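Topology and contacts: notes
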Amino acid sequence: MEPTPLPTSGGRVVSGMRPTGALHIGHFHGVLSTWLQLQPTHECLFFVADWHAMAGGSGSGGSAAPREEAVYEMVLDWLAAGIDPQRCTLFLQSRLTEHAELFTLLALHTPLAWLERVPGFREKRDQHPGFGLLAYPLLQAADILAYKGQWVPVGEDQQAHLELAREVARRLNHQLGRPLFAEPQALLSSSPRLPGLDGRKMSKSRGNTIAMREAPESTRVKLDHMPTDPQRVRRTDAGEPERCPVWALHQVITAPARQTELAQGCRSAGMGCLDCKAVLAESLLPQQAVWRERAAAFQEQPKQVHWMLEMGSERARSLARRTLVELREALGLR
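Residues numbered from 1 in each chain as written. Predicted model: local features only at pLDDT ≥ 70, side-chain atom pairs only at ≥ 80, totals over all residues. Heavy atoms only, no water.

What follows deals with the nonpolar core. Where a protein is soluble and globular, its nonpolar side chains tend to be buried together. Within the largest apolar cluster, 52 residues are counted, with the highest numbers of intra-cluster contacts made by I25, L32, F46, V48, V75, W78 and L90. When residues no more than four places from it in sequence are discounted, the contact partners of I25 are L194, M202, I210, A211, M212, I253, L284 and W291. F103, A135, A186 and L188 belong to the second largest nonpolar core, which has 43 residues in total. (Core = buried A, V, L, I, M, F, W, Y, C linked by side-chain atoms within 4.5 Å. Buried < 20%, exposed > 50% of the residue type's maximum accessible area, 1.4 Å probe, protein only. Contact = heavy atoms within 4.5 Å.)

Following this line, the structure appears as structure tokens:
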């Protein structure tokens, strides 16, 4: 899947993440890097999707509410990455009952068949036969449409959900006879599926991650134990970067000029796998040091992070309330 060219200016950006605690470098390159690029040029709203974390089949167990610690650690990593609450609106989804009200109004105007055909529901309904799974993409649509979001950074697996949001917006606009909602467009990252330490997609559930704020020695050990080109048995064997999970990380983390040198060294056997891993560590460790330093500054005043979310939630509420007033009036509700 090709990345989506980022819009240069204009339009409102809406995106959220389920609170699973501290983030890994896959989160940074798959989501946060896109947020950072949009932050200077767009009105951005980034939210903690804690209701989504409770939905059946969402990947979080689907029962207990997310712990406050998980929310705090995730937002701390947002701030460590460079997300600026003075330029963006950061908020907690569950603080805004406006999302629930809009979800209800959307549900009254959405055909059941639209929800049943979403791939995520068809794939998981036997394991998670609950309304939460069925309604998950419609709640996601409410999250976006509440702010008339035009741009939505998403992963490949969320594109069907966003298509539903566009259909819901289009249907309501037609029924109301006015363009109340924008039809949100997906923004795909250039690295939506960063490979983990075992070559599969980086995921906490697989235990193959490197945390954004991982300690230097721990990062080095993890990289040293990564598998490499399976056909390169000896140091003197020529390798092929495209067969190597380490190379996939280099393509995202290491400077392009150095990548050329590494690829040549691998194919000519002029460089060993441990040497290649050492270069990857040299590229990654300084970035992690920046993230740890920024996080440490906020950790000295932990209440500041909660205050940022509360203030952001109030700003978001004013926008969502305005949308609801318009929709209620258009529907003849008072």
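For the rest of this paragraph, the subject is unusual backbone geometry. One non-glycine residue, K148, adopts positive backbone phi at about 50°. Considering the arrangement of structural elements, one finds K148 in the loop between α7 (131-145) and β4 (151-154). Overall, the relative accessible area of 23% leaves K148 in the partly exposed class. Its identity is not glycine, yet A269 carries a phi of approximately 65°, on the positive side. Classification of A269 as buried rests on a relative accessible area of 15%. (Helix = DSSP H or I, 4+ residues; strand = E, 2+ residues; numbered from the N terminus.)

By the definition in use, this model includes 21 salt bridges. E183 serves as the salt-bridge partner of R170, at 3.0 Å between the closest nitrogen and oxygen. In this pair, R170 sits in helix α8 (residues 159-176) while E183 sits in the loop between α8 and β5 (185-188), placing the two residues 13 residues apart along the sequence. A single network of salt bridges, built from pairs that share partners, joins E98, E101, E314, R317, R321 and R328. (Salt bridge = Lys/Arg side-chain N within 4 Å of Asp/Glu carboxyl O.)

The terminal C-alpha atoms of α7 lie 21 Å apart, and with 15 residues this matches the ideal 21 Å at 1.5 Å per residue to within 8%. The sharpest bend along α7 reaches about 35° and sits at P137. In terms of burial, α7 is largely enclosed, as 13 of its 15 residues are buried. (Expected span 1.5 Å × (residues − 1). Bend = angle between axes of the 7 residues up to and from the residue.)

The end-to-end C-alpha separation of helix α12 (residues 273-299) is 37 Å, in line with the 39 Å expected for 27 residues at 1.5 Å each. Residues C276, K277, V279, L280, A281, L284, L285, Q288, W291, A295 and F298 constitute the buried set of α12. Elements that come into contact with the buried residues of α12 comprise α1 (25-38), α3 (68-81), α9 (216-224), α10 (245-253), α11 (256-267) and α13 (302-331).

This part takes up the packing of aromatic side chains. Evaluation of the coordinates by the stated rule reveals 6 aromatic pairs. Aromatic pair W35 and W78: ring centres 5.0 Å apart, planes at 75°, arrangement edge-to-face. You can see W35 sitting in helix α1 and its partner W78 sitting in helix α3, a full 43 residues away along the chain. For the pair formed by W35 and W78, the shared burial category is buried. In this structure an aromatic cluster arises from ring pairing among W35, F46 and W78. Looking at R171, its charged tip hangs above the ring of W114, at a distance of 5.5 Å from the centre. (Phe/Tyr/Trp six-rings, centres within 6.5 Å; stacked < 30°, edge-to-face > 60°. Lys NZ or Arg CZ within 6 Å of the ring centre and 35° of its normal.)

All right, on to the environment of A70 then. Among the secondary structure elements, A70 is positioned in helix α3. Taking relative accessible area as the criterion, A70 reaches 9% and is therefore assigned buried. Expressed as a C-alpha distance, the spacing of A70 and Q127, which sit 57 residues apart in the sequence, is 25 Å. With near-sequence residues (within four places) excluded, A70 lies in contact with P19, T20 and G21.

Once that is clear, we can look at the environment of F46. Take F46: it is sitting in strand β2 (residues 43-48). In the structure, F46 is positioned 45 residues away from F91 in sequence and 6.6 Å away in space, judged by C-alpha atoms. Ignoring anything within four residues of it in the chain, the contact list for F46 reads V13, S15, W35, W78, I83, C88, T89, L90 and F91.

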